[in-house]
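Breakdown of the fold
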Amino acid sequence: MKKGDFWSFAVNPFRRVAGWKAFGIGVALMTAAAIIGAQSQIIFSGALDIKYALPFSLQKSILCMAVGYLSLVVVLYLMALIFARRTRFQDIAGTIALARYPYLAAALVGFMVPDANLIGDFSDGEPMVTAVFWSGWQSVAGIAAIALIIVIAIYSIALLYNAYRESTGLKGARCTVTFITGVLIAEVLSIFALMRLS
Amino acid sequence: MLPCYCPSCRERLKVRSLKCENCQTEVSGSYELPALALLSPEDQEFILSFVRHSGSLKEMSAQLGFSYPTVRNMLNEIIKKIESYEKR
């Protein structure tokens, strides 16, 4: 694969892979991310969220990942039905699943975060870290981990946009506006769903 | 590729004459180029491939190495181009 082709594939793999094949790959990677995240204390509690949290169960990790993914699929598929023509459900489901593959990297980054001196809050069932006290190398490792997660989060959103654009065929302002609206709705929906289910 | 637009004013070209290489007969007139001829060679090849695969985008995607929605988007683009040619 040429260098240009590699970057093109990295940013938009959905030109090559979509449908149930993408769904299978995506679900496998999301499951792996949720399992590793439960060990590294990285939780994906929402449509776009990547958070470092107090220790939580594997069931919670998988539930959060599933709710976040499903909220995106439901909302963006509805957007596609209203604003695009002839969008297949398996393309939306598959490309969105595959777009979450960077979460595996985020889960691994969690192991970089020094877990000493964390203060947290378990109210409302959400294992939130409310304060950290790092010193020396811990600060370097912690800040590097945060920077990496931010990069991964931005990359994930770019992938998600390309997934939506490729599977709906929408272009330009219509694609951007419906995507942003859909993602915001999905994020709110996922937060409410997780509050109800916790 | 067959020239379809005037290099000077960008208006659509028409066919003025056609010649038989066998008997040298020349047929003159003013003939509109068909919409398919106005498409790029890549688009024409796509349409030929579409017909060869009996309209199955699934088979085309497997052969071209693109995903199904990508192939469908390519087809939608060609449909828009043809519709714009027919409107003029």
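Quick note: structure is the one above.
Note that this is a predicted model, so its numbers are computed, not measured. (Residues numbered from 1 in each chain as written. Chains lettered and ligands numbered in written order. Predicted model: local features only at pLDDT ≥ 70, side-chain atom pairs only at ≥ 80, totals over all residues. Heavy atoms only, no water.)

A few words on the overall build of chain B. When helices and strands are counted, chain B shows 4 helices and 2 strands. For 88 residues, the compact-globule formula gives about 12 Å, and the C-alpha radius of gyration of chain B, at 17 Å, lies well above that figure. Its C-alpha atoms put chain B at 45 × 35 × 20 Å along the principal axes. Here chain B holds 88 residues, and the buried ones make up 31% of them. Surface accessibility of chain B: about 6100 Å² in total, with carbon and sulfur atoms responsible for 55%. Within chain B, the 11 negative side-chain charges are centred at a point lying 4 Å from the centre of the 12 positive side-chain charges. (Helix = DSSP H or I, 4+ residues; strand = E, 2+ residues; numbered from the N terminus. Rg over C-alpha atoms; globule rule 2.2 N^0.38 Å. Buried < 20%, exposed > 50% of the residue type's maximum accessible area, 1.4 Å probe, protein only. Areas by Shrake-Rupley, 256 points an atom, 1.4 Å probe, with all protein chains shown as cover. Lys, Arg positive; Asp, Glu negative; His and termini not counted. Charge placed at Lys NZ, Arg CZ, Asp CG, Glu CD.)

Moving on, we come to the overall build of chain A. A count of helices and strands for chain A gives 7 helices and 4 strands. Taken from the N to the C terminus, the helices and strands of chain A come in the order α-α-β-β-α-α-α-β-β-α-α. Residue burial in chain A is summarised as follows: out of 198 residues, 44% are buried. Counting contacts in chain A only where the partners sit at least 6 residues apart, residues at least 24 apart contribute 69% of the total. Total accessible area on chain A is roughly 9800 Å²; 71% of this is exposed by carbon and sulfur atoms. (Contact = heavy atoms within 4.5 Å.)

Moving on, we get to a nonpolar patch on the surface. Together, Val74, Leu78, Leu81, Ile82 and Phe83 of chain A give the surface a local cluster of nonpolar side chains, amounting to about 470 Å² of exposed area. Residue position: Phe83 of chain A is located in helix H3 (residues 58–83). (Patch = residues over 30% accessible without salt bridge, like charges linked within 9 Å, V, L, I, M, F, W, Y side chains within 5 Å. Salt bridge = Lys/Arg side-chain N within 4 Å of Asp/Glu carboxyl O.)

So, on to the nonpolar core. Core analysis: the biggest nonpolar cluster contains 43 residues, and Phe44, Ile50, Leu72, Ile96 and Tyr164 of chain A have the highest contact counts within it. For Tyr164 of chain A, the residues in contact, after removing those within four places along its chain, are Leu76, Met79, Ala80, Ile92, Gly169, Leu170, Cys175, Thr178 and Phe179 of chain A. (Core = buried A, V, L, I, M, F, W, Y, C linked by side-chain atoms within 4.5 Å.)

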